[in-house]
Amino acid sequence: MSRFFSKKYSGLTPYVPGEQPKDMRYIKLNTNESPFPPSEAVVKAAEEAIRHGELYSDPECLAVRRALADRYGADIDEVIVSNGSDEVLNFAFMAFCDEEHPAAFPDITYGFYSVFAEANRIPYREIPLREDFTLDPRDYAGTRETLFIANPNAPTGIALPLPVLRSIVDSNPDRVVVVDEAYVDFGGESAVPLIHECPNLVVTGTFSKSRSLAGARLGFAFGQRELIRDLDTLRNSTNPYNVNRMTLAAGTASLAEDERNRENCAVIAENRERAAGQLKELGFRMTDSRANFLFASHPRIGGEELYRSLKSRGILVRHWKSERIRDHVRITVGTAEQMDALASAVRDILEELT
Ligand code: PMP
């Protein structure tokens, strides 16, 4: 830390993204990216956009917002886009929380929520999930805190049914509930249609996972227009050209090929179920993941040891040291071949233990 660093941030522990080592070619199952590249049409759209790279991008992001609004059955002023959904989640912390209005979220969830809260000096409460990592809706009823709920949750993959989510939103009419749907396309049910009836609901989404555009950085949020205007105030107060021209074009082109994206998600869901079956046969326990990853533990090997052994065999998965989940690893679902390679590496690792 330099002597110039603001005291405001001196205690901040930044978010640590999944590793991206370059020492060898890994089978990368650690950051929930899609195993499928973007389509030719999406690549062409981005290429075409850089031809006009001397001009700023559209600060209103109209084309992609219109396409998103059409796709989700909302109005254009009910959607905002951002530089990855991380950015709009940060805006939501800034917009809807402060000293008097703390944030709350599960104790096991996306690790960035606590970092956003701390960076914005917002008090927060972590609400323990049940022993089996399911969420007890009673813990969220009428809390008077701004709630952040990933659905499906990460890293557990467990999804809340829409009526349960709705009851949480209805029980907190004076606070915003932010539902983070980064993984919804792999088997969850989107809450976006609820925004028309719920004036305190914000739903965020991303092109990073189901739309194969993690590197383009494109996220979005839906909500009633006043809520979106609040988020937009923060966008315009920090970075009005927050989404670049190539990404806007790629996102718009991606929304024109929904069928292809749906097929990719179906393949990933199929690979997930198959890989879950293989891992169960090897003695793993898993949550019921509706996302593009599995959250697994094995009675004979700790999470860290499994992570290390897989890495030495060229397969990256994600492991956290925090107490409740240190026995687990999170495994992104890739292609069938990648998942077979994983199962075979795990089989070898377990055999070597005996
Ligand atoms: N929410 C959750 C639950 C995530 O796991 C991620 C990915 N790390 C994000 C949001 C943010 O993704 P992005 O910024 O790529 O849209």
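Keep in mind the model is a prediction, meaning the values are calculated, not measured.

What counts as what
Residues numbered from 1 in each chain as written. Predicted model: local features only at pLDDT ≥ 70, side-chain atom pairs only at ≥ 80, totals over all residues. Heavy atoms only, no water. Pairing = 2+ DSSP bridges. Helix = DSSP H or I, 4+ residues; strand = E, 2+ residues; numbered from the N terminus. Axes fitted to C-alpha atoms, helices over the stretch in contact; angles between N-to-C directions. Contact = heavy atoms within 4.5 Å. Buried < 20%, exposed > 50% of the residue type's maximum accessible area, 1.4 Å probe, protein only. Polar contact = N/O pair within 3.5 Å; in protein donor to acceptor, adjacent residues only side chain to side chain. Near = heavy atom within 4 Å. Areas by Shrake-Rupley, 256 points an atom, 1.4 Å probe, with all protein chains shown as cover. Nonpolar A, V, L, I, M, F, W, Y, C, P; charged D, E, K, R; others polar.

Novice: Sorry if this is basic, but what is going on with the sheet that holds strand β8 (residues 219–223) here?
Specialist: By way of backbone hydrogen bonds, the strands of a sheet pair with one another, either parallel or antiparallel. Pairing within the open sheet is mixed, and its seven strands lie in the order β2-β8-β7-β6-β5-β3-β4. At either end of the open sheet lies a strand with only one pairing partner, and these are β2 (79–82) and β4 (124–127). Neighbour to neighbour, the strand axes of the sheet diverge by 20 degrees on average, direction disregarded. As paired strands, strand β3 (residues 103–106) and strand β5 (residues 146–150) are joined by two bridges and run parallel to one another. The residue bridging A104 from the neighbouring strand is L147, located in β5. Packing of helix α2 (residues 62–72) onto the sheet brings it into contact with β2 and β8, and relative to β2 it is tilted by some 125 degrees.

Novice: Just to check I follow, could you spell out the side chain of N30 for this structure?
Specialist: Inspection of the secondary structure assignment puts N30 in the loop between β1 (27–28) and α1 (40–50). When its relative accessible area of 0% is taken as the criterion, N30 is described as buried. From its side chain, N30 meets the backbone oxygen of E19 in a polar contact 2.8 Å long. Side chain to side chain, N30 and K28 meet in a polar contact 3.0 Å long.

Novice: I'm lost on the site of the ligand in this one. Help?
Specialist: The local shell around the ligand holds 13 residues, among which S85, D180, Y183, T206 and S208 are the closest. Between the ligand and the protein, one listed contact pairs an oxygen atom with a side-chain N or O atom of S208 at 2.6 Å. Notes on the ligand: free accessible area 400 Å², of which the protein chains cover 91%. Across the shell around the ligand, the residue classes break down as five nonpolar, four polar and four charged.

Novice: For this particular structure, what's the right way to read helix α9 (residues 303–312)?
Specialist: The periodicity of an α-helix, 3.6 residues per turn, causes residues three or four positions apart to be oriented the same way. Of the positions making up α9, those classed as buried are G303, L306, Y307, S309 and L310. In the core, the buried residues of α9 are packed alongside β11 (315–316), β12 (328–332) and α10 (336–353). Positive backbone phi, at 85 degrees, marks G314, one or two positions downstream of α9.

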